[in-house]
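Read off the chains here:
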Amino acid sequence: MYAVVMLTSRFVLAVFVLAPLARAQPFVDRTADFGCEIGAGPASWGDVNSDGWPDLYAGGAVWINRGGKSFDRFEAPGNGLIADLDNDGVGDLISLAPPGLYRGRVEEGSVRFEPIALPALPETVCRGAAAGEFNGDGLLDVYFGGYEDWGKQVTYPSLVLMSKPGPAYEVEIISREYRARGVTACDFDEDGDLDIYVSNYRLQPNVMWVNDGRGVFENRAGALNALATSEGFSGGHSIGACWGDFDGDGRFDLFAGNFAHVDKRGDQPKSRFLRGLGAGKSWVFDDLGTCGVWYQESYASPGCADFDNDGALDLYFTTVYADASFGKKNHPVLYRNESTDGGWVFKDVSEGSGLEGLPPTYQAAWADVDRDGRIDLVTAGRLYLNSTTSGAHWLELRLQGDGVKINRGAVGAQARIALPDGRVLTRQVEVGTGEGNASSPILHFGLGAYAGPITVEIRWPGGSTRALTGVAVDRVMEAEFSPIDAGAK
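Residues numbered from 1 in each chain as written. Predicted model: local features only at pLDDT ≥ 70, side-chain atom pairs only at ≥ 80, totals over all residues. Heavy atoms only, no water.

**Let's talk about the overall build of the chain**
Part 1: Within the chain, the regular secondary structure consists of one helix and 42 strands.
Part 2: A compact globule built from 489 residues should have a C-alpha radius of gyration of about 23 Å, and the chain, at 21 Å, falls within 12% of that.
Part 3: Across its three principal directions, the C-alpha atoms of the chain cover 60 × 50 × 50 Å.
Part 4: Buried positions account for 61% of the 489 residues belonging to the chain.
Part 5: Taking the intrachain contacts of the chain between residues at least 6 apart in sequence as the baseline, contacts between residues at least 24 apart amount to 57%.
Part 6: As displayed, the chain offers around 17000 Å² of accessible surface, 51% of which is attributable to carbon and sulfur atoms.
Part 7: The averaged location of the 66 negative side-chain charges in the chain is 2 Å from the averaged location of its 42 positive side-chain charges. (Helix = DSSP H or I, 4+ residues; strand = E, 2+ residues; numbered from the N terminus. Rg over C-alpha atoms; globule rule 2.2 N^0.38 Å. Buried < 20%, exposed > 50% of the residue type's maximum accessible area, 1.4 Å probe, protein only. Contact = heavy atoms within 4.5 Å. Areas by Shrake-Rupley, 256 points an atom, 1.4 Å probe, with all protein chains shown as cover. Lys, Arg positive; Asp, Glu negative; His and termini not counted. Charge placed at Lys NZ, Arg CZ, Asp CG, Glu CD.)

Right under this line is the structure:
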């Protein structure tokens, strides 16, 4: 079911009692059935042709979703992200290697991509990027993380392509010292602008670029306790991170994924959860450690989603290689968030999930491919459809900006749903997660046993808000920014 909702009444909380849920959660490889040869590089979901179905950019192609039943392949440059850069309702491409932008054209069901003219870019090697309205002008900007050439002992610059009307772009070099891998953005401090978290390799500290609203960034990772490291180390081998409200308190948290050798100083920094403590604690993060994520040396790119629809965000975490560490081969792992009460306990549920024993990969991107309310996964070059039969309820939210005050894809918007048990579920529209991946911009909420109706509170980029009340569940819903939102704070 698909509906357009334009409501403005304020937020209301009702209290009910939740029933227990079934937990079975198999994933089924449907790659051949959907006719897609994805390849092993990064994967990114987005809506290229603006039909409400998630399309996929991976392996030198864009795969257009035909009603959740099949994909059509169209040539595209390399790998990267999908984002509507010019607010024309058509998805454009952000190429990682080499960094570049490509304008999407949709004509009679066909899709093609044309290079966008850019100023001269400095030489760089990029493995992760993120798009967002960094300077608040209604047009998307792009942050490219600069990595390294280990043989030459060169660290490449990280840079921002800052949009101007036209659109045109100016190049700003942000850093020349960090070996960036994953890049992901979030307005974690709820001040109306996107901040950027960069996962840095070679035991370098991770970076939290806090935005002043004009696209000017200050690294405050140390002050915010967001370095994702351990005592005796300035930083870890971070490959990717993902934002998510893992404890259902309405605030964004971080999971930082660290590759970790055994070091003569002790074990190198492990992967860890960073809990956002909110405005009352000056937006500092509490480093909670592993929370059940067991040690593998070669962990790589994480991605979070509520795969069992119980309202708690779960975690999928890939590996770089399969060599044994501590007598156990390295494989990607599916972790279920066991704590619908915010207790921060994650359990390995890979066995029997359909995802057990997968090969090494950097690919981890979630989307509800067939819009049945069960979120699916692309990883290791395969498309896995979610076939759970738990009966849990859900809502999916497709947000759109007006293309003037708010970018057309609503990148940077946040949505919150209060559940009767006191949890406040929070999701954001993001372009960039893990290392070089992107999950669907259609926001997915698992609601457990609660059948609604519900209230959805939307915070648009810039800070204006809207409350949608009396919303029925178990459907895909659309909400558009309108002038009445501009005055609502």
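Moving on, there is more to tell.
**What about the pairing of strand β37 (residues 414–418)?**
Part 1: Of all five residues in β37, five are buried; the element is thus mostly enclosed.
Part 2: The two faces of β37 match: Gln414, Arg416 and Ala418 on one face and Ala415 and Ile417 on the other face are all buried.
Part 3: Pairing geometry for β37 and strand β38 (residues 424–428), over five bridges, is antiparallel. From the neighbouring strand, Arg416 faces β38, where its bridge partner is Thr426.
Part 4: Counted between consecutive antiparallel strands, the loop separating β37 from β38 contains five residues, among which Gly422 sits at a positive phi close to 100°.
Part 5: Sheet topology note: the β37/strand β40 (residues 454–459) ladder contains four bridges and is antiparallel. Counterpart to Ile417 in the pairing with β40 is Val456. (Pairing = 2+ DSSP bridges.)

**Description of the pattern of salt bridges**
Side chains carrying opposite charge are able to pair once their charged atoms draw close together.
Part 1: If you walk through the whole model with that rule in mind, you get 24 salt bridges.
Part 2: We note a salt bridge from Arg105 to Glu114, for which the minimum N-O separation is 3.8 Å.
Part 3: By relative accessible area, Arg105 is classed as partly exposed at 27%.
Part 4: Ionic pairing is found between Asp212 and Arg214, a salt bridge with its closest N-O pair at 2.5 Å.
Part 5: When its relative accessible area of 36% is taken as the criterion, Asp212 is described as partly exposed.
Part 6: In this structure, a network of salt bridges that share partners links the residues Arg105, Glu107, Arg112 and Glu114. (Salt bridge = Lys/Arg side-chain N within 4 Å of Asp/Glu carboxyl O.)

**Side note on the confidence of the model for the chain**
Part 1: For the chain, the mean per-residue pLDDT works out to 92, and 93% of the residues sit at or above 70.
Part 2: Low pLDDT (under 50) marks residues 1–23, which in the prediction has 60 contacts with non-local residues, meaning those over four places away or in another chain. (pLDDT = per-residue confidence, 0-100.)

**Some thoughts on the packing of aromatic side chains**
Here the distance between the centres and the angle between the planes together describe a pair of aromatic rings.
Part 1: Counted according to the given criterion, the structure contains 21 aromatic pairs.
Part 2: On the numbers, 6.3 Å between centres and 45° between planes, the contact of Trp45 with Phe71 is tilted. Taken together, the residues Trp45 in strand β3 (residues 43–46) and Phe71 in strand β6 (residues 71–75) connect sequence positions 26 residues apart. Just as Trp45 is buried, Phe71 falls in that class too. (Phe/Tyr/Trp six-rings, centres within 6.5 Å; stacked < 30°, edge-to-face > 60°.)

**Observations regarding the pairing of strand β17 (residues 180–186)**
Within a regular strand, side chains alternate between the sheet's two faces.
Part 1: Summarising burial for β17: seven of the seven residues are buried, a large majority.
Part 2: Sheet topology places β17 next to strand β18 (residues 195–200); five bridges connect them, and they run antiparallel. Paired with Val183 across the strands is Val198, a residue of β18.

**A few points about the sheet that holds strand β5 (residues 61–65)**
Part 1: Strand order in the open sheet made by the four strands is β3-β4-β5-β6, with antiparallel pairing throughout. Each of the sheet's edge strands pairs with one partner strand only, and the pair in question is β3 and β6. Strand-to-strand twist across the sheet, computed as the mean angle between neighbouring axes with direction ignored, equals 25°.
Part 2: Sheet topology note: the β5/β6 ladder contains five bridges and is antiparallel. (Axes fitted to C-alpha atoms, helices over the stretch in contact; angles between N-to-C directions.)

**Thoughts on the side chain of Arg423**
Part 1: By the element assignment, Arg423 lies in the loop between β37 and β38.
Part 2: A distance of 2.9 Å separates polar atoms of two side chains, one belonging to Arg423 and the other to Asp421. (Polar contact = N/O pair within 3.5 Å; in protein donor to acceptor, adjacent residues only side chain to side chain.)

**Observations concerning the sheet that holds β17**
Part 1: Spatial ordering of the open sheet is given by β17-β18-β19-β20, a layout of four strands whose pairing is antiparallel. Two strands in the sheet have a free side with no partner beyond their single neighbour: β17 and β20 (217–219). Averaged over all neighbouring strand pairs, the angle between strand axes comes to 25°, with direction disregarded.
Part 2: In this structure, strand β19 (residues 207–211) lies alongside β20, joined through three bridges in antiparallel fashion. Paired with Asn211 across the strands is Phe217, a residue of β20.

**Notes on the environment of Leu288**
Part 1: Mapped onto the elements, Leu288 comes out in strand β26 (residues 285–289).
Part 2: For the pair Leu288 and Phe273, spaced 15 residues apart in sequence, the C-alpha to C-alpha distance is 5.5 Å.
Part 3: For Leu288, the contacting residues outside a window of four places in its chain are Phe273, Arg275 and Trp344.

**Remarks on the environment of Asp402**
Part 1: Inspection of the secondary structure assignment puts Asp402 in the loop between β36 (393–400) and β37.
Part 2: Under the relative-accessibility criterion, Asp402 is labelled partly exposed at 31%.
Part 3: Remark: the alpha-carbon pair of Asp402 and Thr31, spanning 371 residues in sequence, is separated by 35 Å.
Part 4: The contact partners of Asp402, leaving out residues within four places of it in the chain, are Arg408 and Phe481.
Part 5: In terms of polar contacts, Asp402 uses its side chain to reach the backbone amide nitrogen of Lys405, at 3.0 Å.

**A short note on the state of the cysteines**
Part 1: Taken as a whole and judged by the stated rule, the model has zero disulfides.
Part 2: There is no disulfide at Cys126, and the cysteine sulfur nearest it, in Cys242, is 18 Å away. (Disulfide = S-S within 2.5 Å.)

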